[in-house]
Amino acid sequence: MPESFDVIVVGGGCNGTGIARDCAMRGFKTLLLEKNDFAAGTTGASSGMIHGGPRYLLSDPKTTKLSSQDAGYIRKIAPHLCFRIPFLYPVTKGKKNFIKQRIRLSLVETFFQAYDSYSKLKGGKPHTRLSKEETWELEPCVSKEIVGSVTFDEWGIDTERLCLLNALDAQKHGATIRNHTEVTKIIREGDVVIGLTARDCMLGDESEYRSSILFNATGPWTPRFAAMADLQIKLRPSKGIHLILDRRITNVAVVSQCIDGREIFINPHENFTLLGTTDDDFYGDPDNISVTEDEVEYLLQGMEKTYPEIRKARVISTTRGVRPTLFGDGVYESALSRDHRIFDHEKEDGVKGILSMAGGKLAAYRQMAEEATDKICEKLNHWSACSTHLVPLPGGENLPTPDTISKEFDLHPYVAERLLTRHGALTSTVLTPTKERPEEKRILCPCEPITAAEIRYAVEEEMAKTLGDLQRRTSLAKGPCQGSQCLLPSLEILNPHDPIRELKNFLEESWKARSTLLCCKSTASQPLLAQEEMLQMIYKGVLDLGNQ
């Protein structure tokens, strides 16, 4: 007999994991299915910020308010995952006269005065107007062709662990969680969806599940998933990429304008820097997203107007993702609404038992999940109040200090600090085995000091089944070495059925993120070529992966 659930949620991004957590906390028997891993799609490719979105303030203030309000809640339930990112908005002289640019600087300041009322909802500091001399003191590499700048505040977050913690907390409240499990068929009897079949991608086993509500939270895959139930959803997906620089090259985030007037930024995010993002209509397969040389040049050209030395920075990789943007006709990609919508297929298509959601922003994921779960309550005629904004995510309360962890486990304070940013109050749990096995305090990846104990914890307690999963849990191989030192010892702990194939799969996926950079005249490609040659020697030479 197939197992039955009140709710089956499909999609392991921020929306899917958020809905699963909310449903489980409200007492529904819940199943969450993700065909790859948590945050392996759109969420993991985002800019990693729970921001209010000042660029939506004039055209879509509802989205700005909702995002800012929810960002404040997220900071409270996951304080260890969040970090402040001050932004700098320089105003350049350009070809206009000085007086006009001074007026523009005042207008920019007026805009951020309005944004202050939203920013305070997420605990951001109010804006500050800086002279050009004050701007250079804060960020010396900003262009000399400026008249001044304005600061504003945003918050960064570890998006991949955010999704994981939502999934783990859903499991703690009784949900069944399955990553690496792909839906193969939606079961529909007449005008009612009654369940689905799903295949374990690691083992190949297929199972059937029944549900009262099937919730489609698959992001850019939403139309494709709905089509499995003979339903149509029209989106206008947009593609975004970031360039990853090998270190923090700025003290704060810096905004610039591209050739078409779009605003981009460099963002010091944890131990590296993100430069992004593009916003282009996407018509391809969201399972196969490439990066073009034009996109790389677009970002570098746009940023060098404000940060002239950007081309001297070492670009080591990229992120790429597709936003499940709601359909709009006759507008540019960047002008599309970032609002969200729940598709009630019973009302819209006459098909019961299935709901879908698309659109929205990372910063409002919790509120979107609350709205979706309210809709599920309505469908199942079982009302229960939401508490996801009140209950901390795992590790999110009673945070120890780095000094406390450092002394208790005899770790370098920086290692302790980085562990705390991922595990919070659970850091001691991660490290406790090292008291009996002190060798597991060894650092596997010096770029992002990752201990063997943390890798083992991810495998045993956090559903990590592949090297890609370990990367999302710990930032393994994201730094300058790109995995040259840490993959083999991590693979030993992971202990997959076929270690050579697992390593090959990881290297092939990471190659997709780097390959375009090696051909770009616009990037500092020589260091990257040297790095790639070293990786080839280590993995394709020593392990002879080229013949596998």
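The structure we're discussing is the one just above.
Residues numbered from 1 in each chain as written. Predicted model: local features only at pLDDT ≥ 70, side-chain atom pairs only at ≥ 80, totals over all residues. Heavy atoms only, no water.

**Focus: the pairing of strand β1 (residues 3-10)**
Across 7 bridges, β1 lies against strand β9 (residues 206-216) in parallel orientation. The residue bridging F5 from the neighbouring strand is S211, located in β9. Relative to strand β2 (residues 30-33), β1 runs parallel, the two being bridged by 4 bridges. Directly across from V9, in β2, lies its bridge partner L32. Regarding topology, helix α1 (residues 14-25) serves as the crossover connection from β1 to the parallel β2, and that connection is right-handed. (Pairing = 2+ DSSP bridges. Helix = DSSP H or I, 4+ residues; strand = E, 2+ residues; numbered from the N terminus. Right-handed = clockwise from strand over helix to strand, strands pointing away.)

**What about the nonpolar core?**
In terms of nonpolar packing, the biggest core is built from 47 residues, with I19, I50, F215 and I376 touching the most fellow members. Breaking this core down by element, the ones donating at least two residues are β1, α1, α2 (61-77), β5 (146-157), α5 (159-172), β9, β17 (354-359) and α9 (365-380). If one sorts the elements of this core by residue count, α5 sits on top with 7 residues. Sequence-distant contacts of I19, defined by excluding residues within four places in its chain, comprise V9, F215, A217, M357, A369, A372, T373 and I376. (Core = buried A, V, L, I, M, F, W, Y, C linked by side-chain atoms within 4.5 Å. Buried < 20%, exposed > 50% of the residue type's maximum accessible area, 1.4 Å probe, protein only. Contact = heavy atoms within 4.5 Å.)

**So, the environment of T451**
Within the secondary structure layout, T451 lies in strand β19 (residues 450-451). A sequence separation of 81 residues divides T451 from E370, and the C-alpha atoms of the two residues are 36 Å apart. Aside from chain neighbours lying at most four places away, what touches T451 is V415, L431, E440, K441, R442, I443 and L444.

**With respect to the packing of aromatic side chains**
Inspection of the entire model under this criterion finds 8 aromatic pairs. Relative to F152, the ring of F112 has its centre 4.5 Å away and its plane inclined at 15°; by these criteria the two rings are stacked. Of the two residues, F112 sits in helix α3 (residues 98-119) while F152 sits in strand β5, which places them 40 residues apart along the sequence. When sorted by exposure, F112 lands in the same class as F152, which is buried. Counting every residue linked through ring pairs, the aromatic cluster contains F87, Y89, F111, F112, Y115, F152 and F265. Across the ring face of W383, the terminal group of R26 is positioned such that the distance to the ring centre comes to 5.6 Å. Just above the ring of W155 sits the side chain of R75; from NZ or CZ to the centre is 3.6 Å. (Phe/Tyr/Trp six-rings, centres within 6.5 Å; stacked < 30°, edge-to-face > 60°. Lys NZ or Arg CZ within 6 Å of the ring centre and 35° of its normal.)

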